[in-house]
Amino acid sequence: MWLPKYPARLCDTAVNPVSAFMLQSWHELLTNDAPDSFQARTLDLALLLDDMAHVASVAAEDDRWRSYLGALSTELSRQAADEQRLLTGDHRLAVAVNSVISKCRDSTAKAADLHRHILVARGVYGDPAARLLKDGRNILVKFKREKRDLQHRLSTLCTHILYRGLGDESLSKIDDRLLLESPVDVFEVLAEPIARRKDVYRCIVAVEGPQGDIEAAVKAKGYARAGRPDFRPDAISRSWESKHKNCYNALVQCEAISARHAAELASERLLAVLNVHNLYLNSASLRVCPTVLIYVASQVTAVEITPSKHYGLVPRGRARELMRNRVENLGDRLNGRLANALRSHALALSATDPTSAITNLWTALETLAGSLGGGAIGDRVAATLAPHIAWRRVDRIVTYLAISCHQAVHFVQSHLNLSILSSSNAGRVGADDVLRAVTGHVNNPAAKELMNACSDSPLLLNRLSETWTVFHDPSQLRNRLIQSRDRVQWQLLRLYRARNLLVHKGQHSHLIWRLLQHAQYYVSLSLGKVMHDLSGNPGWDIDTSLHSQKEQFDYVCANLDQKNCSNLTHADFLAERSVMPTRKVWS
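K.L.:
Looking at this model, I keep getting lost on empty space enclosed by the protein. Mind explaining?
P.N.:
Gaps between atoms show up when a probe of the same size as a water molecule is rolled over them. Following the criterion strictly, the structure yields 5 cavities of 30 Å³ or more and no others. The volume enclosed by the largest cavity comes to roughly 70 Å³. What lines the largest cavity is Asp51, His54, Val55, Trp65, Arg494, Arg497, Ala498, Leu501, Ser509, His510, Leu511 and Leu515. For the lining of the largest cavity, the secondary structure elements donating two or more residues are α3 (45-59) and α22 (474-505). Grouping the constituent residues of the lining of the largest cavity by class yields 6 nonpolar, 3 polar and 3 charged.

Now the structure itself:
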């Protein structure tokens, strides 16, 4: 969670608390540190309509894709519920969206007709940037104390920031000085990049391999070699040129909406012809380097476009210990499907382009899921893996809040009453204490202690309060877990469609870069849990582990009602992370 450079700036009475909330929220939405529940989603209402339009257009030619529109209509219904305030203010848009939902659920409707209905709804929605910016300004003008609408609008704006490849640039605008500005001014600074139109970018792409072969390929595409006059005399250009002095530097001009998109487009265009040459060379000797030098107007930047830049997981602190434990306990079982899934994951981590990464990540998921369940491959994988991923939602949120509370307390040098927070100490805030706080009664001692200690962090206070609103009510938490499972299933199916577009249609999904983060998380989490289960249960195989995980999710959901919730313990939500596993959550 973002904190200013000096504690005094956060505690300063001149700081506008709403501005501080917006800065912290914007940073959280655009970074990979938070659980995915707190990050900007891959799609909002407009982008989901775009996705549906594409699926319907493919379904018009391939009837097998028609089945996807049913699940997408359910997802659209959820999105419409989230945007109820927006739809209430635009009756025509509400009618158009409801028409799409209704038509997609009509099994007799033709895909071509559905495509037209979706395009009409998308046309009524209009320019996402203009609509979302206008609504965000309206929220701030009428803003009182309720932050829910503001948080949602910031989230949808960040969805489009990331979709347009403007995340790094937007994050760079967060500055301590903005804490003293009005919320309206902060909003304009943070959201400014989203309103930009396409521009012409001059991209210099470094290519490794025999110079003559590269020259032939680049000229065949109609591009030129970058010479001395093409480089500007700034520090970024000099550093990039020095690093790639032994490469062939091709100059590619692209029209794009951001430097990142321009770098991706330039690299893809060069790769298309280089790979043809590699085919006839029977060698992969021609390779595009991962960092592209970009010029637009007076700006210069070096953009890294490897898939690894989109992965959100960091190395585990106990990586060596975990590796030794798994290898020793798994023994001969570290083979077959498990070894193949691990190999596919490793290939994805080392991939230099998103198509190879997404293909290998899906292969890992499909290999891991095996033949459990029935139906089509995508449905089977989604149904098998989604329950465990969704079950981890509570653990991820509680652990993130625990880490954030510790950071906030350490930042302002406040103190916690450890007689109330019994699983915490001077070096950490315990996840068990946070779970007690957010599932306890209103104003319970643990919640009051954490909120008092973190009172200088507006976003953290809001997160603790909003989490308590859901988690203290077992039935609400059950609904959220089921919704989370559904969203994971939809995202897994989206990954499957992206893979199928590549393999069967030769098309590049416009969401492929955004899907990489979720794909890696799903693979890493699923593989890690399977190896944990097999390591502790010598008689188990992969299918037994996956079945056990689904049963755990079903058990928790079945007991999340007022009659049976007293059966649930800390271990049911935090697993081995809990230091008080037998403690009842709602006793």
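K.L.:
Whenever I open this one, unusual backbone geometry confuses me. Can you help?
P.N.:
In most cases, non-glycine residues show a negative phi, while peptide bonds are predominantly trans. Positioned with a positive phi, Ala297 is a non-glycine residue whose angle comes to about 50°. Here Ala297 is to be found in the loop between β5 (291-296) and β6 (299-304). Owing to a relative accessible area of 65%, Ala297 belongs among the exposed residues under this scheme. Its identity as a non-glycine residue notwithstanding, Ala575 has a phi of 50°, on the positive side. Tracing the backbone through its elements, the reader meets Ala575 in the segment after α25 (571-574).

K.L.:
Could you clarify how one ought to interpret the side chain of Asn444 in this entry?
P.N.:
Following the sequence through the fold, Asn444 ends up in the loop between α19 (431-439) and α20 (445-453). By relative accessible area, which is 5% here, Asn444 ends up buried. Among the polar contacts made by the side chain of Asn444, one reaches the main-chain carbonyl oxygen of Ala437 at a distance of 2.9 Å. Polar contacts involving the side chain of Asn444 include one to the main-chain carbonyl oxygen of His441, which spans 2.9 Å. Residues in contact with Asn444, not counting those within four places in the same chain, are Arg436, Ala437 and Trp468.

K.L.:
Is there a simple way to think about the nonpolar core in this case?
P.N.:
In summary, soluble globular proteins display a tendency toward joint burial of nonpolar side chains. Core analysis: the largest hydrophobic core is formed by 180 residues, its most contacted members being Trp26, Leu270 and Phe573. Tallying contributions element by element places helix α18 (residues 377-412) first for this core, with 16 residues. When sequence neighbours within four positions are dropped, the list of residues in contact with Phe573 reads Trp391, Val394, Asp395, Leu435, Leu477, Val556, Leu560, Leu568, Val585 and Trp586. Grouped together as the second largest cluster of nonpolar side chains are 10 residues, Ala226, Phe231, Cys247 and Tyr295 included.

K.L.:
Would you take a moment to explain helix α11 (residues 183-191) for this structure?
P.N.:
A turn of α-helix holds 3.6 residues, and therefore any two residues three or four places apart point the same way. Along α11, the residues classified as buried are Pro183, Val186, Phe187, Leu190 and Ala191. Angularly, the buried residues of α11 cover 115° about the axis, an arc narrow enough to put them on a single face. For α11, the secondary structure elements touched by its buried residues are α2 (17-30), α8 (128-141), α9 (148-163) and α10 (167-171).

K.L.:
Just to check I follow, could you spell out the packing of aromatic side chains for this structure?
P.N.:
This structure, assessed with the given rule, holds 6 aromatic pairs. Judged by centre distance (5.3 Å) and plane angle (80°), the rings of Trp65 and Tyr68 are edge-to-face. Sitting over the face of the ring of Phe21, Lys147 holds its NZ or CZ atom 5.4 Å from the ring centroid. For Arg497, the ring lying beneath its charged end belongs to Tyr68, and the centroid distance is 5.1 Å.

K.L.:
Would you mind going over the pattern of salt bridges with me for this structure?
P.N.:
Opposite charge on two side chains permits them to pair, given that their charged atoms come into close proximity. In total, this model carries 35 salt bridges according to the counting rule given. Among the salt bridges present, the one from Arg228 reaches Glu241, with a minimum N-O distance of 2.6 Å. With Arg228 in the loop between β2 (224-225) and α13 (235-243) and Glu241 in helix α13, this residue pair connects regions lying 13 residues apart in the sequence. The class for Arg228 is exposed, based on a relative accessible area of 57%. Assessed through its relative accessible area of 18%, Glu241 is described here as buried. For Lys529, the salt bridge goes to Asp533, with nearest N and O atoms at 3.2 Å. Placement of both Lys529 and Asp533 in helix α23 (residues 512-536) is noted, with a separation of 4 residues, approximately one turn of the helix. With a relative accessible area of 6%, Asp533 lands in the buried category. Through salt bridges with shared partners, one network takes in Glu83, Arg85, Asp135, Asp149 and Arg153.

K.L.:
It is not clear to me how the pairing of strand β3 (residues 248-256) should be interpreted in this structure. Could you clarify?
P.N.:
Looking along a regular strand, one sees the side chains alternate between the two faces of the sheet. Of all the 9 residues making up β3, 7 are buried; the element is thus mostly covered by neighbouring parts of the structure. The pairing of strand β1 (residues 199-208) with β3 spans 9 bridges and is classified as antiparallel. Looking at β3, one finds that Tyr201 is bridged to Cys254. For β2 and β3, the ladder comprises 2 bridges, and the chain directions are antiparallel. Across the sheet, residue Ala224 finds its bridge partner in β3, namely Leu251.

K.L.:
Explain the packing of α18 against helix α21 (residues 458-471) here, please?
P.N.:
Working note: a packed helix pair is described by the angle between its axes plus the distance between those axes. Where α18 meets α21, the axes come as close as 11 Å, and the angle between the chain directions of the two elements is 150°. Comparing the axis directions of α18 and α21 gives the class roughly antiparallel. Considering the relative orientation of α18 and α21, their crossing is left-handed. Between α18 and α21, the contacting residues are Arg393, Val394, Ile397, Val398, Leu401, Ser404, Cys405 and Ala408 on the first element and Leu460, Arg463, Leu464, Thr467 and Phe471 on the second.

K.L.:
Which parts of the structure should I look at to understand the pairing of β1?
P.N.:
Sheet analysis places β1 next to β5, joined by 3 bridges and oriented antiparallel. Among the inter-strand pairings, Arg202 is bridged to a residue of β5, identified as Tyr295. Here β1 runs beside strand β4 (residues 287-288); their pairing, made up of 2 bridges, is antiparallel. When the sheet's bridge partners are listed, Val207 is paired in β4 with Val288.

K.L.:
So what exactly am I meant to see when it comes to helix α14 (residues 259-281) here?
P.N.:
Counted at 1.5 Å a residue, the expected span for α14 with its 23 residues is 33 Å, and the 32 Å between its end C-alpha atoms agrees. Bending of α14 peaks at approximately 25° at the position of Ala272. Listed in full, the buried residues belonging to α14 are Ala259, Arg260, Ala262, Ala263, Glu264, Ala266, Ser267, Leu270, Val273, Leu274 and Asn278. Looking one or two residues past α14, Asn282 carries a phi angle of roughly 55°, positive in sign.

K.L.:
Help me understand the packing of α22 against α23 in this model?
P.N.:
Interaxial distance between α22 and α23 falls to 10 Å at its minimum, and their mutual angle equals 120°. As far as their axial angle goes, α23 and α22 are oblique. The interaxial crossing formed by α22 with α23 has left-handed handedness. Contacts from Val488, Gln491, Leu492, Arg494, Leu495, Ala498 and Leu502 in α22 reach Ile512, Leu515, His518, Ala519 and Tyr522 in α23. Across the contact of α22 with α23, the residue classes tally to 9 nonpolar, 2 polar and 1 charged.

Thresholds applied
Residues numbered from 1 in each chain as written. Predicted model: local features only at pLDDT ≥ 70, side-chain atom pairs only at ≥ 80, totals over all residues. Heavy atoms only, no water. 1 Å grid on protein atoms, 1.4 Å probe; cavity = no way out; pocket = protein on both sides within 12 Å on 5 of 7 lines; lining within 4 Å. Points joined across faces, edges and corners; volume = space filled by probe spheres on them. Helix = DSSP H or I, 4+ residues; strand = E, 2+ residues; numbered from the N terminus. Nonpolar A, V, L, I, M, F, W, Y, C, P; charged D, E, K, R; others polar. Buried < 20%, exposed > 50% of the residue type's maximum accessible area, 1.4 Å probe, protein only. Polar contact = N/O pair within 3.5 Å; in protein donor to acceptor, adjacent residues only side chain to side chain. Contact = heavy atoms within 4.5 Å. Core = buried A, V, L, I, M, F, W, Y, C linked by side-chain atoms within 4.5 Å. Arc of directions from axis to C-beta. Phe/Tyr/Trp six-rings, centres within 6.5 Å; stacked < 30°, edge-to-face > 60°. Lys NZ or Arg CZ within 6 Å of the ring centre and 35° of its normal. Salt bridge = Lys/Arg side-chain N within 4 Å of Asp/Glu carboxyl O. Pairing = 2+ DSSP bridges. Axes fitted to C-alpha atoms, helices over the stretch in contact; angles between N-to-C directions. Parallel < 35°, antiparallel > 145°, perpendicular 65-115°, else oblique. Left-handed = near helix turned anticlockwise from the far one by under 90°. Expected span 1.5 Å × (residues − 1). Bend = angle between axes of the 7 residues up to and from the residue.

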